[in-house]
Amino acid sequence: MNIELTDLTRRFGRNQAVAGVTLEAGPGVFGLLGPNGAGKTSLLRMLATVIPPTSGRMLLLGRDPRSYERRREIRRRLGYLPQNLGYYPSFTVVEFVEYFALLKDMPPGRVPVAVAAAVERVDLGGKARAKLRTLSGGMLRRVGIAQAIVNDPELLLLDEPTAGLDPEQRVRFRALLRDLGQHATVVVSTHLVEDVGAACTEVALMDAGRIVFHGTPAELTARGAADGAGDSPLERGYTATLASARMTGTRS
Amino acid sequence: MTTPAPRPVYTAARPVHVAPRLLYIEVRRNVTRWLLPLLAVAFWFDTYRTSAGYPALWGLRTQDLILHHVLPDLVPFVAAGAVWTGAREHRRNAADLVTGTAWPGWGRRVVCLGGALGWALLAYLGCVAIVLVTTAQHATWGGPPLWPVVTGAAEVIATCAAGFACAWFFPGRLAAPLIVIGVFLAQMAGFSLADSDSRLGLLSPATHVPPIDVGVFYPYLPDLSIAQTMFLGGVAAVAVGALGLPASSGGRRLRAVAAAVTVAGLGSAGTAAGLVGTAYQGTQGVVIPALHDAASDRPLAYSPVCQRAGGIPVCVQPAFTVYLPDTASALAPLLAGVAGLPGAPARLTQEATSCVTHVLGCTFGAEIATSGGTRALRFTIAQTPGFYGENLAAFGQQTMAAVAAVLVGGQVDDAGDVTADPAQLAVMAALLLDAGVPVITPAQADADDAGVAGPAPGSAAYAAYRRLAALPAAARHAWLAAHLAALRAGHITVRELP
């Protein structure tokens, strides 16, 4: 398993963002769904070793990130696209991706090829020398994806990766996700359930810091067959599961 | 988006192999480069134009132009670039992105700082190169002292590191303007301390202004430069070390190294502060006993260059060769009048200035001494013709007043003031008037009018001075030849003057 979480929690002051998440995930594309404030981003930041958990146990790629050396080993094998991509406007696309390849300890000799490949994979070959300040929001998102995949990560964490992508790019991105998921664990946090349906092999639904569903997209779809609300079967499964979880939570 | 290639397996690169490329990217994209045109304008407007009025003396130009013109112009720009760079992660909301990478935070910050520092040092060294090249085009003796260049580089590094660290720890919107204003005020404080007696002020390169002939007659005295470099290096080390102290900076070992760097910086800065506490003003500069090398007190060997003026050789140190013709011609009128008189100097020789605290305060010193059987008048060129607004006439007047004063038995103090009895003063004034020097009343001298102060109108000395000045030059010369020894001994009264 590339991700092993046991009763993981994270607090920000009095606010409990993640409340006892237990989860395992191996290679494949793992969708993380949930409403705003469900704790998806906090969970992803912990998986990215950006913030430590308040309590619980976490093993990433078989390593415990509490140790600095293990954390570095994880980070070398990690790709992370935050929800808000911070970028340096004066960098070119290639420089930005190269910068992060180097920060991920890639050997300098291999970096140019890896950067060119990553930029091509997100269809930005024609903009490789463009300054980031000149790119559209969708293109910037693709630059963010390129820096995340440049080291061919074993664990790829993508927070709202398709936000700002046009439909054609989104379709291509889903194909990329499926390819990456063949030998890496790809965790995709998104509001767009069609992305999950098209690309994910597993899906978890979070609400109020907890995992309220963990299964396949087909299993989630099945939950909405009776009384879910939404335009697609998966949306109906999403809303039905969420409503059911909230009702259970209210009763308890 | 295309199908991925098979997963490549790589072993982690060592930071030392990755750092040069990261640094290249940082330098290439650092904001400080956009400040260079402004800096070039500031350099031209202040340093370059000022240098045109400076004597081509290596020590003076290197120390004064670099530490008191290049640095004050450069440092606020350096601070601005460093602050902008230091706040980048926060401003661009990139903290999560970079924290999730394998490189230790401290290393990342230091490389980022390197981007700003690279441009700052390039700008500084460019300015220094222009100063040195323009000096080399006109200098006639010696070479540049390196210590002021090193101290200046230390100030650039310290400012850059401190600005970066402040912005990284306090990345608010007001950080940049507040820190730049702080740097500006710190410089102003340095200049203010120059006028005070505070020894801590010596830690700022802005405080100490060298004498005009620094590094000409004696080796450049590096004591203060060493202390300043230690202090500034310490400040830089504290700033760089502090960047490695937060938990996000790396593992325990790395943070221990950062703590050691911080402590070493504090130690260096503290030691420098302690050393300047023991400093005292020596004849050739500020002496710090613990750093002082006795070899610095030995005069440098040189062969003077001479030119005859009124029949008397006027000799200067080769570094002042360019001023010799003007110096000789300025002194010629008086020297022609006193040549051959008993006790008149047979030679005028330039000596080192003894005043070392402030160029504008450096004044004149002269005395007649017997050297190798020759009576020589030693004079200083504290304010070279054309330097700091002093013109040749003023220099000539000052020097001729000293020559006349010591000839008649008076004394010239460090401020250029003459002490003489009334008869000596009357003779001195007559000689100067004959040489074309304006002789003014003591009241006019108090009002800083141009000229040399003579006797007060209405006094017996004034009447004697007017009487003596009205004599033909030959008659005056003959009287002086007969009575100069008695006049110098103070045995001639005003009434006995012709």
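The shown structure was predicted, so the numbers you read here are calculated from the model rather than taken from an experiment. (Residues numbered from 1 in each chain as written. Chains lettered and ligands numbered in written order. Predicted model: local features only at pLDDT ≥ 70, side-chain atom pairs only at ≥ 80, totals over all residues. Heavy atoms only, no water.)

Broken down by element type, chain B carries 16 helices and 11 strands. Across the 498 residues in chain B, those meeting the buried criterion constitute 49%. The contacts in chain B between residues at least 6 apart in sequence include a share of 75% that link residues at least 24 apart. For chain B, the accessible surface area stands at approximately 20,900 Å², while carbon and sulfur atoms represent 63% of it. (Helix = DSSP H or I, 4+ residues; strand = E, 2+ residues; numbered from the N terminus. Buried < 20%, exposed > 50% of the residue type's maximum accessible area, 1.4 Å probe, protein only. Contact = heavy atoms within 4.5 Å. Areas by Shrake-Rupley, 256 points an atom, 1.4 Å probe, with all protein chains shown as cover.)

Before going further, it helps to examine the overall build of chain A. Regarding its fold elements, chain A presents 9 helices and 9 strands. The C-alpha radius of gyration of chain A comes to 18 Å, within 12% of the 18 Å expected for a compact globule of 252 residues. Each of the 252 residues in chain A was classed as buried or not, and the buried ones make up 59%. Of the contacts made within chain A by residues no fewer than 6 positions apart, 65% connect residues no fewer than 24 positions apart. In the structure as shown, chain A presents an accessible area of about 9,900 Å², 49% of it carried by carbon and sulfur atoms. (Rg over C-alpha atoms; globule rule 2.2 N^0.38 Å.)

This part takes up the sheet that holds strand β4 (residues 55–60) of chain A. Residue and element names in this part refer to chain A. The strand order across the open sheet built from 3 strands is β2-β1-β4, with neighbouring strands paired in antiparallel fashion. In this open sheet, the two edge strands, each paired with only one partner strand, are β2 (15–25) and β4. Ignoring which end each strand starts from, the neighbouring axes of this sheet average 25° apart. Across 8 bridges, the pairing between strand β1 (residues 3–12) and β2 is antiparallel. Opposite R11, over in β2, you have Q16 as the bridge partner. (Pairing = 2+ DSSP bridges. Axes fitted to C-alpha atoms, helices over the stretch in contact; angles between N-to-C directions.)

Residues and elements named next belong to chain B. Tracing the backbone through its elements, the reader meets Q424 in helix α13 (residues 422–434). Note on Q424: relative accessible area 5%, which makes it buried. Filtering out sequence-adjacent residues up to four positions away, Q424 remains in contact with V408, G409, G410, L487, R488 and G490.

All names here are of chain A. Counting through the fold element by element, V186 comes out in strand β7 (residues 185–189). Through-space distance from the C-alpha of V186 to that of V97 is 19 Å; in sequence the pair is 89 residues apart. Those residues within four positions of V186 in sequence are excluded, and the remaining contacts are G28, V29, F30, L156, L158, L177, L180 and G181.

For the rest of this paragraph, the subject is the sheet that holds strand β5 (residues 78–81) of chain A. Residue and element names in this part refer to chain A. One open sheet accounts for 6 strands, arranged β5-β6-β7-β3-β8-β9; its pairing is mixed. Of all strands in the sheet, those with a lone pairing partner are β5 and β9 (210–215), marking the two edges. Taken over all neighbouring pairs, the strand axes of this sheet differ in orientation by 15° on average, direction set aside. Pairing of β5 with strand β6 (residues 155–159), which is carried by 4 bridges, proceeds in the parallel orientation. Looking at β6, one finds that L81 is bridged to L158. Its contacts with the sheet put helix α5 (residues 137–149) on β5 and β6, and the angle it makes with β5 is roughly 165°.

Many descriptions give the size of an interface as the accessible area lost when the pieces come together. Chain B puts 38 residues into the contact, and the matching count from chain A is 51 residues. Across the interface of chain B and chain A, roughly 4,200 Å² is buried in total on both sides, 59% from carbon and sulfur atoms. Residue B:R29 pairs with A:E95 through a salt bridge whose shortest N-O separation is 2.6 Å. Where chain B touches chain A, the interface holds 14 residue pairs in polar contact (both at pLDDT 80 or more). Taken together, the elements giving at least two residues each to the side of chain B that touches chain A come down to α1 (15–29), α4 (88–91) and α5 (95–99) of chain B. A breakdown of the residues in the side of chain B that touches chain A according to their chemical character gives 18 nonpolar, 10 polar and 10 charged. (Buried area = accessible area lost by both parts, 1.4 Å probe. Salt bridge = Lys/Arg side-chain N within 4 Å of Asp/Glu carboxyl O. Polar contact = N/O pair within 3.5 Å; in protein donor to acceptor, adjacent residues only side chain to side chain. Nonpolar A, V, L, I, M, F, W, Y, C, P; charged D, E, K, R; others polar.)

Within the secondary structure, B:T493 sits in the segment after α16 (473–489). With 465 residues separating them along the chain, B:T493 and B:R28 place their C-alpha atoms 80 Å apart.

Residues and elements named next belong to chain A. Taken domain by domain, chain A holds domain 1 (1–77 + 155–216) and domain 2 (84–152). Taken over C-alpha atoms, the centre of domain 1 sits 22 Å from the centre of domain 2. Listed as interface residues are 17 residues of domain 1 and, on the opposing side, 12 residues of domain 2. Of the roughly 1,200 Å² buried at the junction of domain 1 and domain 2 (both faces included), carbon and sulfur atoms supply 52%. (Domains from an automatic or database assignment.)

What follows concerns the layout of surface pockets. Sizing a probe to match a water molecule and rolling it over the atoms shows the empty space that remains. Volume-wise, the second largest pocket comes out at about 590 Å³. Elements that contribute at least two residues to the lining of the second largest pocket include exactly β4 and α2 (68–76) of chain A together with α5 and α6 (105–138) of chain B. Among the elements that make up the lining of the second largest pocket, the one with the highest residue count is β4(A) (4 residues). Tallied by class, residues from the lining of the second largest pocket come to 14 nonpolar, 10 polar and 9 charged. (1 Å grid on protein atoms, 1.4 Å probe; cavity = no way out; pocket = protein on both sides within 12 Å on 5 of 7 lines; lining within 4 Å. Points joined across faces, edges and corners; volume = space filled by probe spheres on them.)

On to a nonpolar patch on the surface, then. All names here are of chain B. A surface patch of nonpolar side chains, about 430 Å² in accessible area, is lined by W44, F45, Y48 and I130. Among the elements that make up the nonpolar patch, the one with the highest residue count is helix α2 (residues 36–52) (3 residues). Locating Y48 in the fold gives a position in helix α2. Classification of Y48 by relative accessible area gives partly exposed; the value is 39%. (Patch = residues over 30% accessible without salt bridge, like charges linked within 9 Å, V, L, I, M, F, W, Y side chains within 5 Å.)

Turning to the packing of aromatic side chains, a few remarks are in order. Two numbers describe a pair of aromatic rings. These are the distance of the centres and the angle of the planes. Tallied over the full model, the rule gives 11 aromatic pairs over all chains. Where A:Y88 meets A:F91, the ring centres are 5.3 Å apart and the plane angle is 65°; that geometry is what we call edge-to-face. For A:Y88, a relative accessible area of 2% puts it in the buried group. Taking the centre distance of 6.2 Å and the plane angle of 80° together, the rings of A:Y88 and A:Y99 count as edge-to-face. Remark: A:Y99 occurs in helix α3 (residues 93–103) and A:Y88 occurs in the loop between β5 and α3; sequence separation between them is 11 residues. Given a relative accessible area of 2%, A:Y99 falls into the buried group. Aromatic ring contacts, followed pair by pair, group A:Y88, A:F91, A:F96, A:Y99 and A:F100 into a single cluster. One cation-aromatic arrangement involves B:R88 over A:Y88; the distance from NZ or CZ to the ring centre is 3.7 Å. (Phe/Tyr/Trp six-rings, centres within 6.5 Å; stacked < 30°, edge-to-face > 60°. Lys NZ or Arg CZ within 6 Å of the ring centre and 35° of its normal.)

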